[in-house]
Amino acid sequence: MQRAAGPQEVDGLKGSGTKGNAPKESVLKEGVLKAAARTLLAAALALCAVGGARAETFPDKPVRMIVAFPAGGGTDIVARLIAERLTALWHQQVIVDNRGGAGGVIGTEAAARSAPDGYTILMATLGNLSINPHLYKMSIDPTKDLAPISNVVDVNFVLVVNPKVPARNVKELIELARKQPGQINFSSSGVGGAPHLAGELFNQMAGVKLAHIPYKGSAPSFTDLIGGQVSVTFDSLVQALPYIQAGKLRALAVLGDKRSDLLPDVPTLSEAGLRGYNFSNWFGLVAPADVPADRIRKLNADVRKVLDEPAVKDQLAKMGAVPAGNTPEAFGTQIRDDSAKWARVIKEQNIRAQ
């Protein structure tokens, strides 16, 4: 005869009183712990995904591109082209912020003091980074307080004169300057800028004394050159080409080591008699020194992507600028090498900020 199960045999667990419940509680606790572990793991993975998404979507707000010269100059023209294309690439506005003054020192220092988050960058020049430290008492050291992103363009320079100047070529200009020492003047974007140094190098190699007239940027320099208040300037083809094409200025020579495709009939200064003369400028992007390395790499990759766009190459070529994207490391070396070169020229010529 089958007997009924006793109270100690419920659920098939013989002798399942308090002691009999222990295995069930252990299983329950283990399940809770596993569920909690899975929740923590999922949260950690989600956090990593959010962090990764943030890194990938940089920038997620507008970016400021400082130009340390007034609007309308060669640096400004190139900056606005690059800013426009980066805006399209990032779907975030890149705002050009002109901070002219002191030959580019004011804008350069402002960039170096900005938050090191990648949202402020500087379109710098040879003058900003490699020349000014040897002329001005700067509150920063560009080689330490700014992080190279990429060279953007190499810029052809050109010697131009007002059409009223009675010199049709470099030889005639030199002869005129020797007959009138100190009476023929040349304009520049400011003391220590690339146009100023190009003119001083001309003085040195030609054995003449063109009087230097500094301006607060290339745009006002060209305004007075066209108006006849000054006679000569040495500046970027980016700035000068429209005036040359319109007949408002006469090009006597390009300053680099080869002729420009845009001015094939205009000789180099070396060809025109100043053998060995070679001067070119560059415009490049830098950021505050402590910007994280991953953001510098992102900025570098995207700037170089923009420079590879056929439309951008075409526009730059028409300005007389050559796309020159490189790595942050290569650009840093370029800045330091040019700094050492121009430190010697400034010392030899006894050039001083005014």
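Below or above, wherever it landed, is the structure these notes cover. (Residues numbered from 1 in each chain as written. Predicted model: local features only at pLDDT ≥ 70, side-chain atom pairs only at ≥ 80, totals over all residues. Heavy atoms only, no water.)

Considering the packing of aromatic side chains
As a reminder of what qualifies: Think of it this way: a Phe, Tyr or Trp ring, Trp meaning its six-membered ring, pairs with another when their centres are within 6.5 Å, and the plane angle makes it stacked under 30 degrees, edge-to-face over 60, tilted otherwise. Numbering goes from the N terminus for both helices and strands, where a helix is a DSSP run of H or I of at least four residues and a strand is a run of E of at least two. Burial classes: relative accessible area under 20% of the type maximum marks a residue as buried, over 50% as exposed, and values in between as partly exposed (1.4 Å probe, protein chains only). A ring is considered to have a charge above it if a Lys NZ or an Arg CZ atom is located within 6 Å of its centre and within 35 degrees of its normal.
Tallied over the full model, the rule gives 7 aromatic pairs. Summarising the aromatic geometry, the rings of phenylalanine 202 and phenylalanine 234 are spaced 5.3 Å apart at their centres and angled 50 degrees between planes, so their arrangement reads as tilted. Of this pair, phenylalanine 202 sits in helix 7 (residues 194–206) while phenylalanine 234 is found in strand 7 (residues 232–236), placing the two residues 32 residues apart along the sequence. Note on phenylalanine 202: relative accessible area 0%, which makes it buried. The exposure class assigned to phenylalanine 234 is buried, which follows from its relative accessible area of 0%. Between the aromatic rings of phenylalanine 279 and tryptophan 342, the centroid separation amounts to 5.3 Å while the plane-to-plane angle is 70 degrees, which identifies the pairing as edge-to-face. Here tryptophan 342 lies in helix 12 (residues 328–349) and phenylalanine 279 lies in the loop between strand 8 (250–254) and strand 9 (280–288), a separation of 63 residues in the sequence. Across this residue pair, the class does not change: phenylalanine 279 and tryptophan 342 are buried. Through a chain of ring-to-ring contacts, the aromatic side chains of Phe157, Phe279 and Trp342 assemble into a single cluster. Above the ring of tyrosine 119, the side-chain terminus of lysine 61 is found at 4.7 Å from the ring centroid.

Considerations on the pattern of salt bridges
Inclusion rule: Whenever Lys or Arg places a side-chain nitrogen within 4 Å of a carboxyl oxygen from Asp or Glu, that contact is recorded as a salt bridge.
Scanning all chains against the criterion turns up 8 salt bridges. For aspartate 97, the salt bridge identified is with arginine 99, shortest N-O distance 3.2 Å. A salt bridge links aspartate 302 to lysine 298; its shortest N-O distance comes to 3.1 Å. Taken together, the residues aspartate 302 and lysine 298, both in helix 10 (residues 293–307) and 4 residues apart, mark about one turn of the helix. Overall, the relative accessible area of 4% leaves aspartate 302 in the buried class. With a relative accessible area of 26%, lysine 298 lands in the partly exposed category. Counted as one network, the salt bridges with shared partners bring together Arg64, Asp97 and Arg99.

Describing the pairing of strand 6 (residues 211–214)
Worth spelling out the cut-off: When DSSP finds two or more bridges between two strands, those strands count as paired. Crossovers are described as right-handed under a simple rule: with the strands pointing away from the observer, the path leading from the first strand over the helix to the second runs clockwise.
Relative to strand 6, strand 5 (residues 185–188) is paired through 4 bridges, and the arrangement is parallel. Its bridge partner being in strand 6, serine 187 is matched across the sheet by isoleucine 213. In the classification by handedness, the crossover that spans strand 5, the intervening helix 7 and the parallel strand 6 is right-handed.

Focus: the nonpolar core
Filter applied, for reference: Definition used in this section: a nonpolar core is a set of buried Ala, Val, Leu, Ile, Met, Phe, Trp, Tyr and Cys residues joined via side-chain atoms within 4.5 Å. Should any heavy atoms of two residues lie within 4.5 Å, those residues are considered in contact.
In terms of nonpolar packing, the biggest core is built from 90 residues, with Met65, Val78, Met123, Leu159, Phe202 and Phe279 touching the most fellow members. Here this core gets 9 residues from one element, more than from any other, and that element is strand 4 (residues 146–161). Apart from residues lying up to four places away in sequence, methionine 123 is in contact with Met65, Ile66, Val67, Thr75, Val78, Ala79, Ile82, Val152, Phe283, Gly284 and Leu285. Ranked by size, the runner-up nonpolar core spans 15 residues in total, among them Val158, Tyr215, Leu225 and Leu237.

Some thoughts on helix 8 (residues 218–227)
The line we're drawing: As used here, the arc belongs to the directions running from the helix axis to the C-beta atoms.
Restricting attention to buried positions, one finds in helix 8 the residues Ser218, Ser221, Phe222 and Leu225. Considered in projection along helix 8, the buried side chains sweep an arc of 95 degrees and stay on one side of the axis. Looking at the buried positions of helix 8, the neighbouring elements they touch are strand 4, strand 5, strand 7 and helix 9 (237–245). Just past helix 8, the residue glycine 228 takes up positive phi, approximately 90 degrees.

Comments concerning the side chain of aspartate 97
Structurally, the position occupied by aspartate 97 is in strand 2 (residues 94–98). According to the relative accessible area criterion, aspartate 97 is buried, its value standing at 18%. Not counting chain neighbours up to four residues away, the residues in contact with aspartate 97 comprise Arg64, Met65, Ile66 and Val67.

Brief notes about helix 10
Quick note on the threshold: What a helix is expected to span follows from its residue count: subtract one and scale by 1.5 Å.
With 15 residues, helix 10 extends 21 Å from end C-alpha to end C-alpha; this agrees with the ideal 21 Å at 1.5 Å per step. Those residues of helix 10 that sit buried are Ile296, Leu299, Asn300, Asp302, Val303, Val306 and Leu307.

Topic: the packing of helix 2 (residues 74–90) against helix 11 (residues 310–319)
Let me state the cut-off plainly: To get an axis, fit a line to the C-alpha atoms, keeping to the stretch in contact for a helix; angles then go from 0 to 180 degrees between the N-to-C directions. The labels follow the angle: roughly parallel below 35 degrees, roughly antiparallel above 145, roughly perpendicular from 65 to 115, and oblique for the rest. As a working rule, the residues Ala, Val, Leu, Ile, Met, Phe, Trp, Tyr, Cys and Pro are called nonpolar, Asp, Glu, Lys and Arg charged, and the rest polar, with Gly in that last group.
Put simply, helix 2 and helix 11 touch, their axes get as near as 12 Å, and they point 175 degrees apart. Taken together, the axes of helix 2 and helix 11 are roughly antiparallel relative to one another. Packed against helix 2, whose contacting residues are Ile77, Val78, Leu81 and Arg85, the element helix 11 presents Val312, Gln315, Leu316 and Met319 at the interface. Looking at the contact of helix 2 with helix 11 residue by residue, the class counts come to 6 nonpolar, 1 polar and 1 charged.

Quick notes on the environment of tryptophan 342
Using a relative accessible area of 3% as the deciding quantity, one classes tryptophan 342 as buried. Between the alpha carbons of tryptophan 342 and histidine 134 there is a distance of 8.1 Å; along the sequence they are 208 residues apart. Leaving out residues up to four positions away in the same chain, tryptophan 342 has contacts with Leu126, Ser130, Ile131, Leu197, Leu201 and Phe279.

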